[in-house]
Amino acid sequence: MTEKTLIGIRREDKNPWERRVPIIPAHARELMRELPLEIWIQPSSIRVFTDEDYRREGVRVSEDLSPCSIVLAVKEIPLDFFVNEAAYVFFSHTIKGQPHNMLMLKRMMERRCTLIDYERIADEKGRRLVFFGRQAGEAGMIDTLWALGQRFKLEGIKTPFSHVRKTIDYASLVEAKESIKKAGWEIYNKGLESSLVPLVFGFAGYGHVSQGAQEIFDLLPFEEIEPGRLSEFFRKRSFSARRVYKTVFKEEDMVRPKLAKKKFNLQEYYDHPERYKPVLEKSIPYLTVFLNAIFWSPRYPRFLTKKFLKKMYETHTPPRLRVIGDISCDIEGGVECTITCTNPAEPVFTYNVAEDHAVAGFAGNGPAVVAVDNLPAEISLESSIYFSQTLLPFVPGLVGADFSNGFSRCHLPPPLKRAVILFRGEFTPDYEYMRNFIHLSERSQP
């Protein structure tokens, strides 16, 4: 008789809004039927699926997951949870050397744990295979439309967006979409106040996150404008109060080679971003809403700087820009005025351009910024179902792996093997660079 692998699912407790699960009950039943596998799950009073939902599918509800050789989670795991030589699969948020997670990484090394990061499960071309990106875009767009309505309301301007609620205030994504369709119907039939026309939304990026945001936006009556045509569009004044407008910025619209006669080359930009300068800011004055939905790291130029915003808001004429939906939410990253994160209950702060300061709410001289760092949790049901579906094909590979052997002989399928940051407490070859992060964190401790 084949010995069964025990997989545990840790409850999420990072904050009261984190209700997601990596494996939904129906998929747990399917896996246990097809594989030599038992699934255990910790009890939770806030999880989007109840303990009883899992019990009905044959999952064991247990506070103690220490017998499980593999543990799945969504967010970071507390230091006292790790068991010697177990394997953990979750979003670790460590690959950029995030200081707040270095103690967790060090503890995993001390316990000789294996760390597999969902973010690094990828195909041979480096394309991610397990992610919440589209759900982040959907939730972020809903919050951004809510923020826009509230900002206009503060200015004494009534718009259909004033009826849009925060994402977590909807019972489901379906309900949220119906609400936004209703706002779109009102725009189409009654039009917007003339001072707001044209109402232009700019989207930075065109990947899964941006696609999710645009899926929500496209419920409104809209017309798309090419980034290079924004100036001409405003000059010709051929716009309507009965629709809104969007423009989608690709990398070539956001940066230019520093050498004047050189043409933009996407691969060169990825490999040598230092050879490029940002040019997106010339388009910002045309936008009422800017959605940041593109990957950024410190290697790349910033797309929207504090200096530019300060100059724009200090002019005598108030700028068009009211709201920034920073779905990517890198603190002082590609959008430099994202100086803090917000939460699903209070998704917005106003960036005071004069004092470089975040003010709670919508009032102040500067844009309102939506900067929720766990947006998919706002639509926990839809996010969990989608994520579980994408993770399902990789579970057999986890179950069939040999974590007692060397990394080269562990029998993990290539997409999973690419995602192994630690194997039995040691950095794998692709992640050796992270050893420097551990040393830096140790030197910075008092």
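In this text the structure is predicted, and so the values were computed from the model without any measurement.

So what's going on with the overall build of the chain? Which residues, and what values?
If you tally the helices and strands in the chain, you get 14 helices and 18 strands. The globule rule puts the C-alpha radius of gyration for 446 residues at 22 Å, and the 23 Å found for the chain is close to it. If one aligns the C-alpha atoms of the chain with their principal axes, the spans along those axes are about 75 × 50 × 40 Å. Counting all 446 residues of the chain, 55% fall into the buried class. Excluding contacts between residues fewer than 6 apart, the proportion of contacts in the chain whose partners are at least 24 apart in sequence is 67%. With the model as given, the accessible surface of the chain reaches about 20300 Å², and the carbon-plus-sulfur share is 51%. Here the chain carries 62 positive and 58 negative side-chain charges, and the mean point of each set is 5 Å from the other.

Would you mind going over the side chain of Gln42 in detail, with residue names and values included?
Looking at the element boundaries, Gln42 is found in the loop between β2 (37-41) and α2 (51-56). A polar atom in the side chain of Gln42 sits 2.9 Å from the backbone oxygen of Glu63. When residues no more than four places from it in sequence are discounted, the contact partners of Gln42 are Ile9, Arg10, Arg11, Arg47, Asp51, Val61, Ser62, Glu63, Leu65 and Phe81.

For the sheet that holds strand β14 (residues 348-352), give the residues involved together with the corresponding values.
The strand order across the open sheet formed by eight strands is β8-β9-β7-β12-β13-β16-β14-β15, and the pairing between neighbours is mixed. Single-partner strands in this sheet number two, and they are β8 (222-224) and β15 (357-360). With direction set aside, neighbouring strand axes in the sheet form an average angle of 25°. Pairing of strand β7 (residues 200-204) with strand β9 (residues 244-249) involves five bridges; the strand directions are parallel. Directly across from Ala204, in β9, lies its bridge partner Phe249.

Just give me the short version of the pairing of β2, but keep the residues and values in it.
Extensive coverage of β2 is indicated by the burial of four of its five residues. Pairing geometry for strand β1 (residues 5-9) and β2, over five bridges, is parallel. Its bridge partner being in β2, Ile9 is matched across the sheet by Ile41. One crossover worth recording links β1 to the parallel β2 by way of helix α1 (residues 25-34), and it is right-handed. Pairing geometry for β2 and strand β3 (residues 60-61), over two bridges, is parallel. Across the sheet, the residue bridging to Trp40 is Arg60, located in β3. Handedness of the crossover joining β2 and β3 through α2 is recorded here as right-handed.

Requested: an account of the sheet that holds β1, with residues and values cited.
Taken in spatial order, the eight strands line up as β3-β2-β1-β4-β5-β6-β17-β18 in an open sheet, and their pairing is mixed. Whereas interior strands pair on both sides, the edge strands pair on one side only; in this sheet they are β3 and β18 (426-427).

Outline empty space enclosed by the protein, listing residues and values.
Tallied over the entire structure, the rule returns one cavity of 30 Å³ or more. When its volume is computed, the largest cavity comes out at roughly 40 Å³. As for the largest cavity, its lining consists of Arg10, Arg11, Glu12, Glu18, Arg19, Arg20, Val21, Ser44 and Arg47.

Give a detailed account of the pairing of strand β6 (residues 114-117), specifying residues and quantitative values.
Walk down a regular strand and you will see the side chains alternate between the two sheet faces. Of the two faces of β6, the one holding Thr114 and Ile116 and the one holding Leu115 and Asp117 are both buried throughout. Bridging between strand β5 (residues 87-90) and β6 involves four bridges; their strand directions are parallel. In the strand pairing of β6, Phe90 is matched with Asp117. With respect to chirality, the unit in which β5 leads through helix α3 (residues 102-110) into the neighbouring parallel β6 is right-handed. Across two bridges, the pairing between β6 and strand β17 (residues 420-423) is antiparallel. From the neighbouring strand, Leu115 faces β17, where its bridge partner is Leu422.

Give me unusual backbone geometry: which residues, what numbers.
Of note, the bond from Val197 into Pro198 is cis; its omega dihedral lies within 30 degrees of zero at 0°. You can see Pro198 is positioned in the loop between α5 (173-190) and β7. One non-glycine residue, Glu85, lies in the positive phi region at around 65°. Summarising the element assignment, Glu85 is placed in the loop between β4 (70-72) and β5. Since its relative accessible area comes to 43%, Glu85 is described here as partly exposed. Despite not being glycine, His411 has its phi angle at roughly 65°, a positive value. Inspection of the secondary structure assignment puts His411 in the loop between α12 (395-399) and α13 (414-417). Since its relative accessible area comes to 60%, His411 is described here as exposed.

Could you give me a rundown of the nonpolar core, with the residues and numbers involved?
Core analysis: the biggest nonpolar cluster contains 77 residues, and Met141, Leu145, Phe201, Ile284, Phe290, Leu309 and Ile324 have the highest contact counts within it. Ranked by the residues each element gives to this core, the list is headed by helix α4 (residues 133-154), at nine residues. Not counting chain neighbours up to four residues away, the residues in contact with Met141 comprise Phe201, Phe203, Ala213, Ile216, Phe217, Leu291 and Ile327. Ranked by size, the runner-up nonpolar core spans 68 residues in total, among them Met104, Phe132, Ile421 and Leu422.

Rules and cut-offs
- Residues numbered from 1 in each chain as written.
- Predicted model: local features only at pLDDT ≥ 70, side-chain atom pairs only at ≥ 80, totals over all residues.
- Heavy atoms only, no water.
- Helix = DSSP H or I, 4+ residues; strand = E, 2+ residues; numbered from the N terminus.
- Rg over C-alpha atoms; globule rule 2.2 N^0.38 Å.
- Buried < 20%, exposed > 50% of the residue type's maximum accessible area, 1.4 Å probe, protein only.
- Contact = heavy atoms within 4.5 Å.
- Areas by Shrake-Rupley, 256 points an atom, 1.4 Å probe, with all protein chains shown as cover.
- Lys, Arg positive; Asp, Glu negative; His and termini not counted.
- Charge placed at Lys NZ, Arg CZ, Asp CG, Glu CD.
- Polar contact = N/O pair within 3.5 Å; in protein donor to acceptor, adjacent residues only side chain to side chain.
- Pairing = 2+ DSSP bridges.
- Axes fitted to C-alpha atoms, helices over the stretch in contact; angles between N-to-C directions.
- Right-handed = clockwise from strand over helix to strand, strands pointing away.
- 1 Å grid on protein atoms, 1.4 Å probe; cavity = no way out; pocket = protein on both sides within 12 Å on 5 of 7 lines; lining within 4 Å.
- Points joined across faces, edges and corners; volume = space filled by probe spheres on them.
- Core = buried A, V, L, I, M, F, W, Y, C linked by side-chain atoms within 4.5 Å.

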